[in-house]
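# Geometric and topological summary
Read off the chains here:
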Amino acid sequence: YVHSSLRLDVDGTSAQPIGSVFKIFTLSSGLEHGIKPTDVFVDNGSVSVPGTNYTLQEAQAICRGNITPIAAIGPSCDVTPAQIALKLNAQDPNILPTTAKDFGFGSPTGIVGFVASEENAGLVPDPQYYKDKKHADWTGINAVNLSIGQDDFGATPAQIAMAAQA
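Keep in mind that this is a model prediction, so the values were computed, not measured. (Residues numbered from 1 in each chain as written. Predicted model: local features only at pLDDT ≥ 70, side-chain atom pairs only at ≥ 80, totals over all residues. Heavy atoms only, no water.)

### Describing the pattern of salt bridges
- What the rule picks out here adds up to 3 salt bridges.
- Ionic pairing is found between K101 and D126, a salt bridge with its closest N-O pair at 2.5 Å. One end of the pair, K101, is in helix α4 (residues 95-102); the other, D126, is in the loop between α4 and α5 (127-134), and 25 residues separate them in sequence.
- Judged by relative accessible area, K101 falls into the partly exposed class, the value being 38%.
- When its relative accessible area of 11% is taken as the criterion, D126 is described as buried.
- Between D152 and K134 there is a salt bridge, with its nearest N and O atoms 2.9 Å apart. Here K134 lies in helix α5 and D152 lies in the loop between α6 (140-147) and α7 (157-165), a separation of 18 residues in the sequence. (Salt bridge = Lys/Arg side-chain N within 4 Å of Asp/Glu carboxyl O. Helix = DSSP H or I, 4+ residues; strand = E, 2+ residues; numbered from the N terminus. Buried < 20%, exposed > 50% of the residue type's maximum accessible area, 1.4 Å probe, protein only.)

### Some thoughts on the nonpolar core
- In this structure, I18, F22, F105, L146 and F153 are the most contacted members of the largest nonpolar core, which totals 16 residues.
- Taken together, the elements giving at least two residues each to this core come down to α4, α5 and α6.
- Ignoring any residue separated from it by four or fewer positions in sequence, one finds F22 in contact with L96, A100, F105, L146, S147, I148, G149 and F153.
- Counting 8 residues, the second largest nonpolar core, distinct from the first, contains V47, V49, A82 and I148. (Core = buried A, V, L, I, M, F, W, Y, C linked by side-chain atoms within 4.5 Å. Contact = heavy atoms within 4.5 Å.)

### Here we look at the packing of helix α1 (residues 23-32) against helix α3 (residues 79-91)
- With their axes 10 Å apart at the nearest point, α1 and α3 run at an angle of 40° to one another. Taken together, the axis directions place α1 and α3 in an arrangement best described as oblique. Relative to α3, the crossing made by α1 is left-handed. Mapping the contact onto sequence places K23, T26, S29 and G30 in α1 and P81, I84 and L88 in α3.
- Partitioned by chemical class, the residues of the contact of α1 with α3 number 3 nonpolar, 3 polar and 1 charged. (Axes fitted to C-alpha atoms, helices over the stretch in contact; angles between N-to-C directions. Parallel < 35°, antiparallel > 145°, perpendicular 65-115°, else oblique. Left-handed = near helix turned anticlockwise from the far one by under 90°. Nonpolar A, V, L, I, M, F, W, Y, C, P; charged D, E, K, R; others polar.)

### Concerning the packing of aromatic side chains
- Counted by the stated rule, this structure contains 8 aromatic pairs.
- A ring pair is formed by F22 and F25, whose centres lie 5.9 Å apart and whose planes are at 50°; its orientation type is tilted.
- F22 sits in the buried class, given a relative accessible area of 0%.
- Seen from their ring centres, F105 and F153 are 5.4 Å apart, and the 70° between their planes marks the pair as edge-to-face. In this pair, F105 is assigned in the loop between α4 and α5 and F153 in the loop between α6 and α7, connecting sequence segments 48 residues apart. With respect to burial, F105 and F153 carry one shared label: buried.
- In textbook terms, an aromatic cluster arises when at least three aromatic residues are bridged by ring pairs, as seen for F22, F25, F103, F105 and F153. (Phe/Tyr/Trp six-rings, centres within 6.5 Å; stacked < 30°, edge-to-face > 60°.)

This is the structure we're talking about:
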């Protein structure tokens, strides 16, 4: 079933936020930058972004309490990837966007059979994107939204398949 408001073309011409699928790439980024699979994060039902009034609410009751990054993937927890993103963002705000780009998001796939001039590259927002296109600074809110595959992030089904294969 495909929701009628989404256009998910198999030819790579449509890029959409991918939501929870991106949490795998947030975890991967965390593991590459100092987060251990056994680290314990506390999920009290929400996470507040320091220096802002933004709070991300946890949608899954099963995620509440002490949870490891690996354990957060199955039930699709929001707070743990957000906490990972905030840690990465504090180290360097480009870490999570760079990981996404390293997995092929934000670039055409080059799949044979796709018309190169028509393939959508998608979008991985990063601090430079916010400066150039939004005339705003990248904040922890942007990192949190990216960590759960939301905001301006967009990927095609082909990019998701390629990233999952990697």
